[in-house]
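Observations on the three-dimensional arrangement
For reference, the chains in residue letters:
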Amino acid sequence: MNQVEKRGSERIRVEIPVYIGPEELVTRDISRAGMYFLADHPFVTGGDLNFSLGFAYALPGKPVKVGCQGEVIRVDQHDGKFGVAVKINNLQYIH
């Protein structure tokens, strides 16, 4: 049985730092509408998630941080960790 593709934009496999409170995680992939990362603990499906993304080399000699608000769309088991799919609802440039 073929699974219907629900993504509205292409995902890029890239590791970008994700900061959730004091915790630093890393994306597995990201698109303009969402991202997927692995965590040691589960997140609540349907829950709001405030986080920031760090781009160390976006500007020459100056790291860029983007603050985001999203929603946890899916949480699944992935090699002893929890895979978390997040829809990005809002983002803003921090520095």
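Located above this text is the structure these notes cover.
Each value, and the rule that gives it
Every chain is numbered independently, its residues counted from 1 as its sequence is written. Two thresholds apply to this predicted model, a pLDDT of at least 70 for residue-level local features and 80 or more for giving and counting side-chain atom pairs, whereas whole-chain, interface and lining totals are computed over all residues. Only heavy atoms go into the side-chain values, all of them from the structure, while hydrogens and water stay out. Here a helix means four or more residues in a row that DSSP labels H or I, a strand means two or more in a row labelled E, and each is numbered from the N terminus. Atoms counted for the radius of gyration: C-alpha only. Globule rule: 2.2 Å times the number of residues to the power 0.38. For every residue, the accessible area obtained with a 1.4 Å probe (protein chains only) is divided by the maximum for its type, and the residue is called buried under 20%, exposed over 50%, and partly exposed between those limits. Contacts are assigned to residue pairs with any non-hydrogen atoms lying within 4.5 Å of each other. Values of accessible area rely on a 1.4 Å probe in the Shrake-Rupley scheme; residue burial ignores everything except the protein chains shown. Neither His nor the chain termini are counted; the positive set is Lys and Arg, and the negative set is Asp and Glu. Positions of charges follow a simple convention, taking NZ of Lys, CZ of Arg, CG of Asp or CD of Glu. Here, the term nonpolar core denotes a set of buried Ala, Val, Leu, Ile, Met, Phe, Trp, Tyr and Cys residues that are joined through side-chain atoms within 4.5 Å.

A tally of helices and strands in the protein yields 0 helices and 6 strands. Of the regular secondary structure in the protein, the N- to C-terminal order runs β-β-β-β-β-β. Scaling as 2.2 N^0.38, a compact globule of 95 residues should have a C-alpha radius of gyration of about 12 Å, and the protein matches this with 14 Å. Over its C-alpha atoms, taken along the principal directions, the protein stretches across nearly 50 × 25 × 25 Å. Classification of the 95 residues of the protein by burial places 35% in the buried group. Counting contacts in the protein only where the partners sit at least 6 residues apart, residues at least 24 apart contribute 44% of the total. On the protein, roughly 6500 Å² of surface is accessible, and the fraction owed to carbon and sulfur atoms is 53%. Of the side chains in the protein, 11 bear a positive and 11 a negative charge, and the two mean positions are spaced by 5 Å.

In terms of nonpolar packing, the biggest core is built from 19 residues, with Ile20, Met35, Phe37, Phe43, Leu49, Phe51 and Leu53 touching the most fellow members. Residue assignment for this core shows that the elements contributing at least two residues are β1 (17-20), β2 (23-30), β3 (34-39), β4 (48-59), β5 (62-78) and β6 (81-93). Of all the elements, β5 adds the most residues to this core, at 4 residues. With residues up to four places along the chain from it excluded, the contact list for phenylalanine 51 reads Val18, Tyr19, Ile20, Met35, Val66, Gly67, Cys68, Gln69, Gly70, Val86 and Ile88.

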